[in-house]
Amino acid sequence: MSRLLKFFSSIRLTVVLLGLSVLLVFLATLSQMDMGVRGAQVKFFMSFFALWQYPLGLPYGASLHWIHIPQLGGWSLGGLLMINLICAHFRYFKLSARSFGIGLIHGGVVLLLIGQFITDLFQVDSSMQIELGKSSNFVSRFHDFELAVSEPKNATTESVTAISTSRLKPGSSLQVGALPFTIKTTWFEPNTKLVTDRGPNDPTSTVTQGIWTRMKVGITAADVDNSMEGANAPAVIVELADAQKSLGTWLVRAGIDRESITVGDRTFFLEMRNERQYLPYSIELKNLKHDVYEGTDTPKAFESDVVLSDPRTQLTRRFLVEMNEPLRHGGLTFYQYQMNRASNYTVFQVVENPGVWLPYLACFMVSIGLVWVFGFSLNRFRERQA
């Protein structure tokens, strides 16, 4: 056990892990050329192992694309650094007044690593778009989609059944909720693009209902865009059938008008959209302000004047959401993200992160520890001088 403790508490291991961390950051930065910031973050930092490939965007990328470098991922390096720090602390720790500050510093660093791991696992990023004078009670995921089956109930409300794209596997058949038909997936792609050449093997050749039977363009799979601003367009071909017969085959793609389906005396609509999370409260946009620096298009100020209404607590309160002053409520943080004054709407980036306060607590602990150690050393210096 003593050998194991010496190995994991070794300063050499610390130097090696820090060196690998620097290499990981460098390789991930290069990979952003091909996969974007979000793709590099997921592949290199939110993983235990990663395989780096020479990017096509670098010089001689086509001829050197075969180069691969295996690398420990961010979770492995972070976990090993945390173990190294804890082992070194217990190996060299001696109870004294000065060691209290060192313990705070080490505890803060460990808490910072734990907070980042919790953020990687549980943080969810969404958006909320609100038109001027209207309110919204749901957020839309940036990169997750769902197949929505809606049935109007009256002029203002409709019943919606949402199916995550993770369940739309080719060959699978779903009977969801009280829908009077089954949904069989025959084709699905997480991102697609339109093509002018509609060949005999084009997936749309199997479509028998809806607007795609009248369109002359085809559709094909496309690489998934993992960048922060990536706009993917997933598409699915589904066959609907009731207890007696097939109702036909539809192609549903994000960004295309929803399809209408009639079953008996009931009307349903099929739509591929960003996955939604409905909130127990609503936010109304009262006014918006979009200022730019004179003579430029550079934003100077984004301000959204909103009213939050939460019937659970009978709360009705007015907030001013600005670029560096978000709105926090119910475990969600609403940041001013985009704005279109000409079209009179604003967009909030909505972040749900259960570990949001851990970095603040970690920095506070490290700061107190540093002040404690520095003050202790200063006091000893003054005593020697005296």
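Up top is the structure.
Now for a description of the structure that goes with this document. (Residues numbered from 1 in each chain as written. Predicted model: local features only at pLDDT ≥ 70, side-chain atom pairs only at ≥ 80, totals over all residues. Heavy atoms only, no water.)

1. A closer look at helix 6 (residues 358-385)
Here's step 1: Taking 1.5 Å as the rise per residue, helix 6 with 28 residues should run 40 Å; its terminal C-alpha atoms sit 40 Å apart, in good agreement.
Here's step 2: Those residues of helix 6 lying buried are Ala362, Gly369 and Val373.
Here's step 3: As for helix 6, its buried residues are in contact with helix 5 (97-122). (Helix = DSSP H or I, 4+ residues; strand = E, 2+ residues; numbered from the N terminus. Expected span 1.5 Å × (residues − 1). Buried < 20%, exposed > 50% of the residue type's maximum accessible area, 1.4 Å probe, protein only. Contact = heavy atoms within 4.5 Å.)

2. As for the pairing of strand 12 (residues 259-263)
Here's step 1: Side chains of strand 12 alternate between two faces, with Glu259, Ile261 and Val263 buried and Ser260 and Thr262 left unburied.
Here's step 2: Hairpin remark: strand 12 followed by strand 13 (residues 266-292), antiparallel, with two residues in the connecting loop; positive phi at glycine 264, about 65°. (Pairing = 2+ DSSP bridges.)

3. Details of unusual backbone geometry
Here's step 1: In this structure, tyrosine 60 takes a positive phi of about 60° despite not being glycine.
Here's step 2: The residue tyrosine 60 is located in the loop between strand 1 (49-53) and helix 3 (61-64) in this model.
Here's step 3: With relative accessibility at 66%, the residue tyrosine 60 sits in the exposed group.

4. So, the packing of aromatic side chains
Here's step 1: Following the criterion strictly, the structure yields ten aromatic pairs and no others.
Here's step 2: For the pair phenylalanine 142 and tyrosine 337, a centre-to-centre distance of 5.7 Å together with 70° between the ring planes defines the contact as edge-to-face. Here the residue phenylalanine 142 occupies a position in strand 4 (residues 135-152), and tyrosine 337 occupies one in strand 17 (residues 332-340), the gap between them amounting to 195 residues.
Here's step 3: By relative accessible area, which is 22% here, phenylalanine 142 ends up partly exposed.
Here's step 4: Measuring from centroid to centroid gives 5.4 Å for phenylalanine 181 and phenylalanine 268, while their planes differ by 85°, and the two rings are edge-to-face. Here the residue phenylalanine 181 occupies a position in the loop between strand 6 (173-174) and strand 7 (182-189), and phenylalanine 268 occupies one in strand 13, the gap between them amounting to 87 residues. Side by side, phenylalanine 181 and phenylalanine 268 carry an identical accessibility label, which is buried.
Here's step 5: Lying over the aromatic face of phenylalanine 269, arginine 258 brings its terminal NZ or CZ to 4.2 Å of the ring centre. (Phe/Tyr/Trp six-rings, centres within 6.5 Å; stacked < 30°, edge-to-face > 60°. Lys NZ or Arg CZ within 6 Å of the ring centre and 35° of its normal.)

5. So, empty space enclosed by the protein
Here's step 1: Inspection of the entire model under this criterion finds one cavity of 30 Å³ or more.
Here's step 2: In this structure, the largest cavity spans a volume of roughly 40 Å³.
Here's step 3: Val124, Ser126, Val139, Arg141, Gln277, Leu332, Val350, Val351 and Glu352 together form the lining of the largest cavity.
Here's step 4: Elements supplying a minimum of two residues to the lining of the largest cavity: strand 3 (124-131), strand 4 and strand 18 (345-352). (1 Å grid on protein atoms, 1.4 Å probe; cavity = no way out; pocket = protein on both sides within 12 Å on 5 of 7 lines; lining within 4 Å. Points joined across faces, edges and corners; volume = space filled by probe spheres on them.)

6. A closer look at the packing of helix 4 (residues 74-92) against helix 5
Here's step 1: Relative orientation of the contacting elements helix 4 and helix 5 amounts to 160°, with a least axis distance of 10 Å. The angle between the axes of helix 4 and helix 5 places the two elements in the roughly antiparallel class. Crossing hand, helix 4 versus helix 5: left-handed. Contacts from Trp75, Gly78, Met82, Leu85, Ile86 and His89 of helix 4 reach helix 5 at Gly103, His106, Val109, Val110, Leu113, Ile114, Phe117, Asp120 and Leu121. (Axes fitted to C-alpha atoms, helices over the stretch in contact; angles between N-to-C directions. Parallel < 35°, antiparallel > 145°, perpendicular 65-115°, else oblique. Left-handed = near helix turned anticlockwise from the far one by under 90°.)

7. Some thoughts on the sheet that holds strand 6
Here's step 1: In spatial order, the strands read 6-7-10-11; together these four strands make up an open sheet with antiparallel pairing. At either end of the open sheet lies a strand with only one pairing partner, and these are strand 6 and strand 11 (246-253).
Here's step 2: Alignment of strand 10 (residues 235-241) against strand 11, held across seven bridges, turns out to be antiparallel. Looking at the pairing, alanine 241 lines up with serine 246 of strand 11.

8. Overview of the packing of helix 2 (residues 11-45) against helix 4
Here's step 1: Between helix 2 and helix 4, the least distance of the axes is 9 Å, while the angle of their chain directions is 155°. Taken together, helix 2 and helix 4 sit at an angle that is classed as roughly antiparallel. Crossing angle aside, the handedness with which helix 2 passes helix 4 is left-handed. Each of Leu13, Thr14, Leu17, Leu18, Leu20, Ser21, Leu24, Phe44 and Phe45 in helix 2 lies in contact with helix 4, whose residues at this interface are Gly74, Trp75, Leu77, Leu80, Leu81 and Asn84.
Here's step 2: Taken together, the residues of the contact of helix 2 with helix 4 break down into eleven nonpolar, four polar and no charged. (Nonpolar A, V, L, I, M, F, W, Y, C, P; charged D, E, K, R; others polar.)

9. A few points about the side chain of serine 9
Here's step 1: Among the structural elements, serine 9 can be located in the loop between helix 1 (2-8) and helix 2.
Here's step 2: For serine 9, a relative accessible area of 3% puts it in the buried group.
Here's step 3: Separated by 3.4 Å, the side chain of serine 9 and the backbone oxygen of lysine 6 make a polar contact.
Here's step 4: Looking at serine 9, its side chain comes within polar contact range of the side chain of arginine 91, at 3.0 Å. (Polar contact = N/O pair within 3.5 Å; in protein donor to acceptor, adjacent residues only side chain to side chain.)

10. Description of the pattern of salt bridges
Here's step 1: Counted according to the given criterion, the structure contains nine salt bridges.
Here's step 2: The residue lysine 134 makes a salt bridge to glutamate 131 at a minimum N-O spacing of 3.4 Å.
Here's step 3: Taking the relative accessible area as the measure of exposure, glutamate 131 reaches 40% and is therefore partly exposed.
Here's step 4: Notably, a salt bridge pairs glutamate 151 with lysine 153, separated by 3.4 Å at the nearest N-O pair.
Here's step 5: Owing to a relative accessible area of 11%, glutamate 151 belongs among the buried residues under this scheme. (Salt bridge = Lys/Arg side-chain N within 4 Å of Asp/Glu carboxyl O.)

These figures come from the coordinates and say nothing about function on their own.
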